[in-house]
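# Residue-level structure breakdown
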Amino acid sequence: MRSERDDEKLMVQYLLGNLSEEEQVRIEDRAFADAKYLGALEAAEADLIDAYVRGELSPSERLEFERRFLTSSHRRSKVEFARDLVRVTNESKAAQNALLERRPPAWLPLSNLFRGWNPALQFAGILALLISVAGASWLLVENRAIRSRVAALETERRNLETRQEQLRRQLTEEQDRTGKVAADLQKPPSVSAPLVASLVLLPGLSRAETGRAQLVLKPSAQLAHIEIVLEPRDDYPRYSSEIRTRSGEEALIRGNLRRRRSAAGDVVSFDVPTNALDAGEYELTLKGVAGDGRAQDLGYYYFRVQKP
Amino acid sequence: MVDPVGETRRQKWSLTQQAFDGLLATISPDRSTAADRYLAIRRNLVRLFEWRGCATPDEYADEAINRCAKKIGDGEEIRDVSTYCIGIARMLVLEMSRERGKEARPLDKAPEPQIIPAEPEGDAELRMECLRRCLDELSPDNRNLILHYYQGEKDEKIKKRKELTRMFGVPAGTLRMRALRVRETLQLCADNCLQRRG
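Please read all numbers here as calculations on a predicted model, not as lab measurements.

### Focus: the interface of chain B and chain A
Counting residues at the interface gives 41 residues for chain B, matched by 49 residues for chain A. Summed over the shared surface of chain B and chain A, the result is 15 salt bridges. Between E50 of chain B and K78 of chain A there is a salt bridge; the shortest N-O distance is 3.5 Å. Summed over the shared surface of chain B and chain A, the number is 21 residue pairs in polar contact (both at pLDDT 80 or more). The set of elements that each furnish at least two residues to the side of chain B that touches chain A consists of α2 (31-51), α4 (81-102), α5 (121-137), α6 (140-149), α7 (154-168) and α8 (172-197) of chain B. With 8 residues, the top contributor of residues to the side of chain B that touches chain A is α8 of chain B. Here the side of chain B that touches chain A is composed, by residue class, of 18 nonpolar, 7 polar and 16 charged.

What follows is the structure, given as structure tokens:
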């Protein structure tokens, strides 16, 4: 695999016009297809121009560069800009260096203090200064050590406080949890209310208006499962059912029902959303649907819906 | 200089509005998208001619586009205008090289290394003034980057760039692209300043 450095060299050779037509085409196609590569090629061009204006190219490279770059006005302006940029960056570098050179060493003002004194006084002065510096340094070191000890003690105290606070919080949480558990234990066990209510309509009983079945729909119930037990004579390929209120208002019609086997015998069953049934008296008509589509009333069932 | 449009040899075909509309319609049915793509194609063509050392890359790019538009006008089916134009551009480069080779020159007129003609001192100073002004307009980060990224020679430059990579906390490639874009912005600003002042 070609490394970035190899790519860079190849780009420079391309920019200097030293590659075969095939290689040139390959580089150009890649540059037009890959924005990152195009950027790298443009950066390589900028660096090559800089190298030229800084005189870093070999004589042959310089010749190739001039043949290739100084022909178009656009590229010439790039070269001129690079020259100006070098000048500006050099100025900036010089300014930085000058700033560093101009900054006097920290000890310089002190040495100026003794200038003009006689040698004995100069010696005494320097000695006194050294003693002062040593004393100040010792005090500084001692002061720093004390401060660091105080800071360590302070940190320790803060850690202890934090730990104490944590323990207090844990204790409160534990107490709350225990109280809640005790309260829960005292409550009677809750029985989850069923989501489906059931109504089984038996032949003979429910078919007579006197034997009224009850469908109790608790607030939690969402569906009412109605199961009608068939008599042996009620033999049809399909069944339908109509539920009406006592006043004859249609509440629900279910068609295309099929018999199925259950523990109670052959049954037809279906589910009704509880919100379709208000509290009150209902009449359910069960119909047998023959193969030719003709329907035959099989029986009428009466039930009461209660919503506690 | 080689004439890109071959005016001396044959009647010049110029781009008509109809041919240009046809070119744009082939690039994209949406005129706005087509215009954007047309500009990108032309930019790439200029780049290619410049990379190949052509003296007038803009003129050559226009010639490549004109030839492509003419083909479309003649009823040729072109699937990818960009690739087609690049193909024409390469043919033009070959024509350019052949024409150059054919040119008979006396020995004293043989190609010499070219140098940028010396410009009056005032122009150079004006350019520097514009550049300094444009540098001041950059954000402190960008100014710092461009002044340090292109500072120094060879090893010193490499060291400097490594330091900048650490300082900005980005990979070397990313920093290089960032420096290049700042450089391009700076040059554009300096050129505009010079035009206004000139």
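Let's pick the thread back up.
### Here's the deal with the state of the cysteines
Residue and element names in this part refer to chain B. This model, assessed by the stated rule, comprises 2 disulfides over all chains. Disulfide pairing places C130 opposite C193 at an S-S distance of 2.0 Å. Torsion about the S-S bond of the C130 and C193 cystine: about -70°, corresponding to left-handed handedness. On the criterion of sequence distance, the pair formed by C130 in helix α5 and C193 in helix α8 is long-range, its members being 63 residues apart. The pair formed by C130 and C193 is uniform in burial state, with each residue classed as buried. Between the sulfur atoms of C134 and its disulfide partner C189 the distance amounts to 2.0 Å. Every disulfide takes its handedness from the sign of the S-S torsion; for C134 and C189 that torsion is -85°, giving left-handed. Taken as a pair, C134 in helix α5 and C189 in helix α8 lie far apart in primary sequence, 55 residues in all. Residue classification places C134 among the buried positions, given a relative accessible area of 3%. Here the disulfide map of chain B reads 1-4, 2-3, the bonded cysteines being numbered as they appear in the sequence. With no disulfide partner, C68 has as its closest neighbouring cysteine sulfur the one in C85, 3.7 Å distant. Residue C68 is classed as buried on the basis of its relative accessible area of 0%.

### Concerning the pattern of salt bridges
Enumeration according to the criterion identifies 37 salt bridges over all chains in this entry. Here E50 of chain B ties to R75 of chain A by a salt bridge, and the two come within 4.0 Å at their closest N and O atoms. Of this pair, E50 of chain B sits in helix α2 while R75 of chain A is found in helix α5 (residues 73-102), placing the two residues in two different chains. One salt bridge connects E231 of chain A with R233 of chain A, and the closest N-O pair in it is separated by 2.9 Å. E231 of chain A gets classed as partly exposed once you look at its relative accessible area, which sits at 22%. Put simply, E21, E28 and D29 of chain A together with R52 and R90 of chain B are held in one network by salt bridges that share partners.

### Comments concerning the pairing of strand β7 (residues 265-273) of chain A
Residues and elements named next belong to chain A. Judged from the 7 bridges that link them, strand β3 (residues 223-229) and β7 form a sheet pairing that is antiparallel. Bridging across to β7, H225 finds its partner in D271. Of the pairings in the sheet, the one linking strand β6 (residues 260-262) to β7 comprises 3 bridges and is antiparallel in character. Among the inter-strand pairings, R261 is bridged to a residue of β7, identified as D266.

### So, the sheet that holds strand β4 (residues 238-245) of chain A
Residue and element names in this part refer to chain A. With mixed pairing, the 5 strands of this open sheet are ordered in space as β2-β9-β8-β4-β5. If you trace the sheet from one side to the other, it starts and ends with β2 (213-216) and β5 (250-257), each paired once. Along the sheet, successive strands turn relative to each other by an average axial angle of 25°, direction set aside.

### Some words on the sheet that holds β6 of chain A
Residues and elements named next belong to chain A. On the basis of which strands lie adjacent, the open sheet formed by 4 strands has the order β1-β3-β7-β6 and mixed pairing. Two strands close off the open sheet at either side, each with one partner strand: β1 (196-201) and β6. Across the sheet, the mean angle separating the axes of adjacent strands is 40° when strand polarity is ignored.

### Some details on the packing of aromatic side chains
Here the structure, examined in full by the defined rule, presents 9 aromatic pairs over all chains. An angle of 20° between the planes, with centres 4.2 Å apart, marks the rings of Y52 of chain A and F65 of chain A as stacked. Of this pair, Y52 of chain A sits in helix α3 (residues 35-53) while F65 of chain A sits in helix α4 (residues 59-69), placing them 13 residues apart in sequence. Residue Y52 of chain A is classed as buried on the basis of its relative accessible area of 4%. Site record: aromatic cluster; members linked through ring pairs are Y14 and F32 of chain A together with W51 of chain B. Positioned over the ring face of Y150 of chain B is R183 of chain B, at 4.7 Å from the centre of the ring.

### A word on α3 of chain A
Given 3.6 residues per helical turn, the α-helix brings residues three or four places apart onto the same face. All names here are of chain A. Between the first and last C-alpha of α3 there are 27 Å, a value that for 19 residues agrees with the 27 Å anticipated at 1.5 Å per step. Taking burial as the measure, the 19 residues of α3 include 17 buried ones, the bulk of the element. Taken from the residues just after α3, G55 is the one with a positive phi, measuring 70°.

### Brief notes about the nonpolar core
In terms of nonpolar packing, the biggest core is built from 29 residues, with L23, I27, Y38, L45, F49, C68 and V81 of chain B touching the most fellow members. For this core, the secondary structure elements donating two or more residues are α1 (17-27), α2, α3 (57-73) and α4 of chain B. With 8 residues, the single largest contributor to this core is α4 of chain B. The residues touching V81 of chain B, leaving out its near neighbours within four places in the chain, are L23, T26, I27, I41 and C68 of chain B. L10, L38, L41 and V79 of chain A belong to the second largest nonpolar core, which has 27 residues in total.

Cut-offs and rules
Within each chain, residues carry numbers counting from 1 in the order of the written sequence. Numbering of ligands from 1 and lettering of chains from A proceed in the order in which they are written. It should be noted that, the model being predicted, local features are given only for residues of pLDDT at least 70 and side-chain atom pairs only at 80 or more, the latter also being counted only at that level, while totals for whole chains, interfaces and linings use all residues. Hydrogens and water are ignored here; the side-chain numbers use all heavy atoms of the structure. It only takes one pair of heavy atoms within 4.5 Å for two residues to be counted as in contact. A pairing counts as a salt bridge when a side-chain nitrogen of Lys or Arg comes within 4 Å of a carboxyl oxygen of Asp or Glu. Polar contacts, as used here, are pairs of N or O atoms within 3.5 Å; protein pairs need one atom able to donate a hydrogen and one able to accept it. Residues neighboring in sequence count only if both atoms are side-chain atoms. Starting at the N terminus, helices and strands are each numbered in turn, a helix being any DSSP run of H or I of at least four residues and a strand any DSSP run of E of at least two. For this classification, Asp, Glu, Lys and Arg are treated as charged, while Ala, Val, Leu, Ile, Met, Phe, Trp, Tyr, Cys and Pro are nonpolar and the rest, including Gly, are polar. The definition used for a disulfide is geometric: two cysteine sulfur atoms within 2.5 Å. When accessible area is computed with a 1.4 Å probe and restricted to protein chains, residues below 20% of their type maximum are described as buried, those above 50% as exposed, and intermediate ones as partly exposed. Criterion used throughout: strands pair if DSSP finds at least two bridges between them. For every element, the axis is a line fit to its C-alpha atoms; helices are fit only across the contacting stretch, and the angle between N-to-C directions ranges from 0 to 180 degrees. Aromatic pairing here means that ring centres of Phe, Tyr or Trp (its six-membered ring) are within 6.5 Å. Orientation follows from the plane angle: under 30 degrees is stacked, over 60 is edge-to-face, and everything else is tilted. We call a charge positioned above a ring when the Lys NZ or Arg CZ atom is no farther than 6 Å from the ring centre and deviates by at most 35 degrees from the ring normal. To estimate how far a helix should reach, multiply one less than its number of residues by 1.5 Å. By nonpolar core we mean a set of buried residues, namely Ala, Val, Leu, Ile, Met, Phe, Trp, Tyr and Cys, connected to one another through side-chain atoms within 4.5 Å.

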